[in-house]
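# Commentary on secondary and tertiary structure
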Amino acid sequence: MTNRTFKSGERRDQAKLLPARIEDYVGSDNPVRAIESFVCALDLAKLGFRHADRGAEAMGQPPYDPADLLKLYLYGYINQVRSSRRLEREACRNLELIWLMKNLRPGYRTIANFRKENWKALQAVNRGFVLLARELGLVGGAVVAIDGSFFHGDASKASIFTRRRLAEQVARLDQEIEAYGKSLEDNDAAEARQPRNDGHDDGGGDGADIGAKVAALMARRSRAQADLDRLEASGETQLSVTDPDARLLVKGGQGVAGYNVQAVVDDKHKLIVASEVVNDSSDVNQLHAMAKAATEALEAESLQVLADAGYYSSTELKACEDDGIVAYVPPPEGNGQVEKQDRFSLKNFSYDTAADAYRCPAGELLRPMPGRWPNTSGRVEFRYASRSAICKTCQLRARCLSPKASRRTIGRWEHQDVLERHRARMQSADADKLMRRRSAIVEHPFGTLKLSALPRSWLQQGTWRMEPDGALLQLHPRAQYPRLRALRCLHGGKDAFFA
Ligand code: SF4
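### Focus on the overall build of the chain
Along its length, the chain carries 17 helices and 16 strands. The buried share of the chain, taken over its 499 residues, is 40%. For the chain, the proportion of contacts with a sequence separation of at least 24, taken over those separated by at least 6, is 67%. Carbon and sulfur atoms make up 50% of the accessible area of the chain, which amounts to about 28000 Å² in all.

What follows is the structure, encoded as structure tokens:
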């Protein structure tokens, strides 16, 4: 037995007769082996990767094989290594990456350019991953839930201007310039009143300081005015100085400078099957586009789609029905003001399909008027009207008509039958059960993404797309850095990729 104070490591300069193989660096069940298998099974040339079909060339340095860079990229996703510089470092010191990359050590520019030059091919890889998940039976393909969540962009709230904010800024600068102008005048007047002292300079002092401040304010004002002109010319409602696509998004009194990430989640294993990044606070126009994207990704002939009341839109529901998508979206409750005033709302009038007329609470019919009427939201309506002579003597008149109205008119959307079928569907027992499941399905990946996989904000500027497998791809042409992939979290902590 030797007398040693502590355990001691090997001498660094000790030469070895049989050095450990790189193959010994990772175990047989290490997840990096799945990345290796997945990438090796892909036809990278067919997917559109640059240099994938390159032949041997005699001259110059050969480029990195896109398969190796794709492995590095996927490893970064799975392990939340976000930046190309960190990936470069990890490739030198991380045994798993040394194994995966066979000790290749690409520089951060190579890594960044790979993502930038191959973003379409990377999207194709993501689609391939969804197909793999389907083949493995991890996607149900019958019921999906849609929801949106705000993600911080690479922009602060202060860097995003609305027209009102810019107009207020210009007005405030005008006031300050005017105040300083007045100070200049007062200063000049005070100097004129004082007798000249030949021993002192009378050309500088406060007047010169104020002049410089006025010039600075004028410059700021002209910048603000130019921003305002630019915003008005663009037809946008907001101007983002740092990240041109980020917007101030507000929901439930909470504001975020960033993006609204839409996701469609399959209910079997909470996998995201379709996604999109928009910069609109409202979800109201997203239902059909997201449901259609999910239908295509799943190649489903019919799909039940669940969404919250923020997605309720008559035109979106009509588009879903036209595409065979069965949507469950609770109709908005309304503020109940009419009911509180004990007056009749539309709910008190029933439509009689056979008679093509509405029946009022007094039992009288409202008959169709000639013509078609576009309403304020662009929908075409038919109008139905009661008879003035009957309303004049009606006991319920005070609860039905405004003081100046002589009869009641009701607008009916030309595709109102779509909404009636939807309402009937929402009153079924199935709808109740499905809507209770909705938040459990779709909140799951968002919660995991925000808590575990993603940091508070994205590094990149510009519009992003979250691919069905959770990969975030930037659509901005100046995109430079490889993106992270939240693969593990998207599979609910159980990594389907490695199933
Ligand atoms: S006022 Fe006219 S429309 Fe209203 S309940 Fe009476 S009869 Fe019907």
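On we go.
### Comments concerning the nonpolar core
One recurring pattern in soluble globular proteins: nonpolar side chains tend to sit buried together. Within the largest apolar cluster, 29 residues are counted, with the highest numbers of intra-cluster contacts made by I35, F49, L70, Y73, L74, L100 and F114. At the level of elements, helix 1 (32-40), helix 3 (66-78), helix 5 (95-100), helix 6 (108-117) and helix 7 (119-135) are the ones that each hand at least two residues to this core. Among the elements that line this core, the one with the most residues is helix 3, at nine residues. When residues no more than four places from it in sequence are discounted, the contact partners of L100 are V32, I35, E36, K71 and Y75. Of all hydrophobic cores here, the second largest spans 28 residues; its members include V139, L303, A307 and Y311.

### What about the packing of helix 4 (residues 84-93) against helix 6?
Packed helix pairs are characterised by how far apart their axes lie and by the angle those axes make with each other. Orientation of helix 4 relative to helix 6, taken along the N-to-C sense of each, is 125 degrees, at an axis distance of 8 Å. The orientation of helix 4 relative to helix 6 falls into the category oblique. You can see that helix 4 and helix 6 cross each other, and the crossing is right-handed. In this structure, helix 4 uses S84, R85, L87 and E88 to contact helix 6, whose residues at the interface are Y108, I111 and A112.

### Examining helix 1
Where helix 1 is concerned, the buried positions are V32, R33, A34, I35, F38 and V39. Buried-residue contacts for helix 1 involve helix 3, helix 5 and helix 7.

### Quick notes on the packing of aromatic side chains
For the structure on display, the rule yields eight aromatic pairs. Aromatic side chains F151 and F446 sit 6.3 Å apart centroid to centroid with 55 degrees between the ring planes, which places their arrangement in the tilted category. Linking F151 in strand 1 (residues 143-152) with F446 in helix 16 (residues 429-453), this pair joins segments that are 295 residues apart in sequence. Each member of the pair, F151 as well as F446, is classed as buried. An aromatic cluster of three or more residues is present, and its members are F49, Y73, Y77 and F114. Directly above the ring of Y108 sits R85, whose terminal nitrogen or CZ lies 3.9 Å from the centroid. The ring of Y351 has R412 lying over it, and the distance from NZ or CZ to the ring centre is 3.5 Å.

### Brief notes about the pairing of strand 4 (residues 247-251)
With five bridges joining them, strand 4 and strand 5 (residues 254-266) adopt antiparallel strand pairing. Each bridged residue has a counterpart across the sheet, and for L249 the counterpart in strand 5 is V256.

### Considerations on the site of the ligand
Around the ligand, a shell composed of C360, A362, E364, S386, C391, C394, R397, C400 and R408 is seen. Its residues assigned to classes, the shell around the ligand comprises five nonpolar, one polar and three charged.

### Some details on the pattern of salt bridges
According to the stated counting rule, one finds 26 salt bridges in the structure shown. A salt bridge links R93 to E90, with the nearest nitrogen and oxygen atoms 2.8 Å apart. Of this pair, R93 and E90 both sit in helix 4, three residues apart, which is roughly one turn of the helix. Residue classification places R93 among the exposed positions, given a relative accessible area of 53%. For the salt bridge of E321 with R421, the shortest nitrogen-to-oxygen distance reads 2.6 Å. With E321 in helix 11 (residues 314-322) and R421 in helix 15 (residues 416-426), this pair connects stretches of sequence that are 100 residues apart. What makes E321 partly exposed here is its relative accessible area of 28%. In this structure R421 comes out as partly exposed when scored by relative accessible area, which is 39%. Sharing partners across several salt bridges, the network here consists of E36, D68, K71 and K102.

### Quick notes on the pairing of strand 11 (residues 365-368)
Where strand 10 (residues 357-359) lies against strand 11, two bridges are found, and the strand directions are antiparallel. Note on strand 11: the bridge partner recorded for R359 is L365. Counting the residues in the hairpin turn of strand 10 and strand 11 gives five residues, including G363, whose phi is positive at 85 degrees. As defined by bridge partners, strand 11 adjoins strand 13 (residues 380-385) across two bridges and the pair is classed as antiparallel. When the bridges of strand 13 are listed, R367 appears paired with A385.

### Description of a positive patch on the surface
On the surface, R165, R172, R220 and R223 cluster together into a patch of positive charge. At the level of elements, helix 8 (163-193) and helix 9 (206-234) are the ones that each hand at least two residues to the positive patch. Considering the arrangement of structural elements, one finds R220 in helix 9.

### Focus on helix 11
Where helix 11 is concerned, the buried positions are S314, E316, L317, K318 and C320. Where helix 11 is buried, its residues touch helix 10 (287-298), strand 8 (325-328), strand 14 (409-413) and helix 15. Directly beyond the C-terminal end of helix 11, a positive phi value near 75 degrees is found at G324.

### So, the confidence of the model for the chain
Do not read the fine detail of predicted coordinates wherever pLDDT is low. Scored by pLDDT, the chain comes out at a mean of 82, with 85% of its residues at no less than 70. No element of the chain has a lower mean pLDDT than helix 17 (residues 487-490), which averages 33, and none a higher one than strand 8, which averages 96. Per-residue pLDDT stays below 50 along residues 474-499; that stretch engages in 100 contacts with residues further than four places along the chain or on separate chains.

### Quick word on the side chain of N118
Looking at the element boundaries, N118 is found in the loop between helix 6 and helix 7. The class for N118 is buried, based on a relative accessible area of 2%. At 2.8 Å, the side chain of N118 forms a polar contact with the backbone oxygen of F114.

### Some words on unusual backbone geometry
The general pattern is negative phi for most residues beyond glycine and trans for most peptide bonds. One non-glycine residue with positive phi stands out, namely K102, at about 50 degrees. Mapped onto the elements, K102 comes out in the loop between helix 5 and helix 6. Although it is not a glycine, E299 sits at a positive phi angle of roughly 50 degrees. Note on placement: E299 falls in the loop between helix 10 and strand 7 (303-306). In this structure E299 comes out as exposed when scored by relative accessible area, which is 57%.

Criteria and cut-off values
- Residues numbered from 1 in each chain as written.
- Predicted model: local features only at pLDDT ≥ 70, side-chain atom pairs only at ≥ 80, totals over all residues.
- Heavy atoms only, no water.
- Helix = DSSP H or I, 4+ residues; strand = E, 2+ residues; numbered from the N terminus.
- Buried < 20%, exposed > 50% of the residue type's maximum accessible area, 1.4 Å probe, protein only.
- Contact = heavy atoms within 4.5 Å.
- Areas by Shrake-Rupley, 256 points an atom, 1.4 Å probe, with all protein chains shown as cover.
- Core = buried A, V, L, I, M, F, W, Y, C linked by side-chain atoms within 4.5 Å.
- Axes fitted to C-alpha atoms, helices over the stretch in contact; angles between N-to-C directions.
- Parallel < 35°, antiparallel > 145°, perpendicular 65-115°, else oblique.
- Left-handed = near helix turned anticlockwise from the far one by under 90°.
- Phe/Tyr/Trp six-rings, centres within 6.5 Å; stacked < 30°, edge-to-face > 60°.
- Lys NZ or Arg CZ within 6 Å of the ring centre and 35° of its normal.
- Pairing = 2+ DSSP bridges.
- Near = heavy atom within 4 Å.
- Nonpolar A, V, L, I, M, F, W, Y, C, P; charged D, E, K, R; others polar.
- Salt bridge = Lys/Arg side-chain N within 4 Å of Asp/Glu carboxyl O.
- Patch = residues over 30% accessible without salt bridge, like charges linked within 9 Å, V, L, I, M, F, W, Y side chains within 5 Å.
- Lys, Arg positive; Asp, Glu negative; His and termini not counted.
- Charge placed at Lys NZ, Arg CZ, Asp CG, Glu CD.
- pLDDT = per-residue confidence, 0-100.
- Polar contact = N/O pair within 3.5 Å; in protein donor to acceptor, adjacent residues only side chain to side chain.

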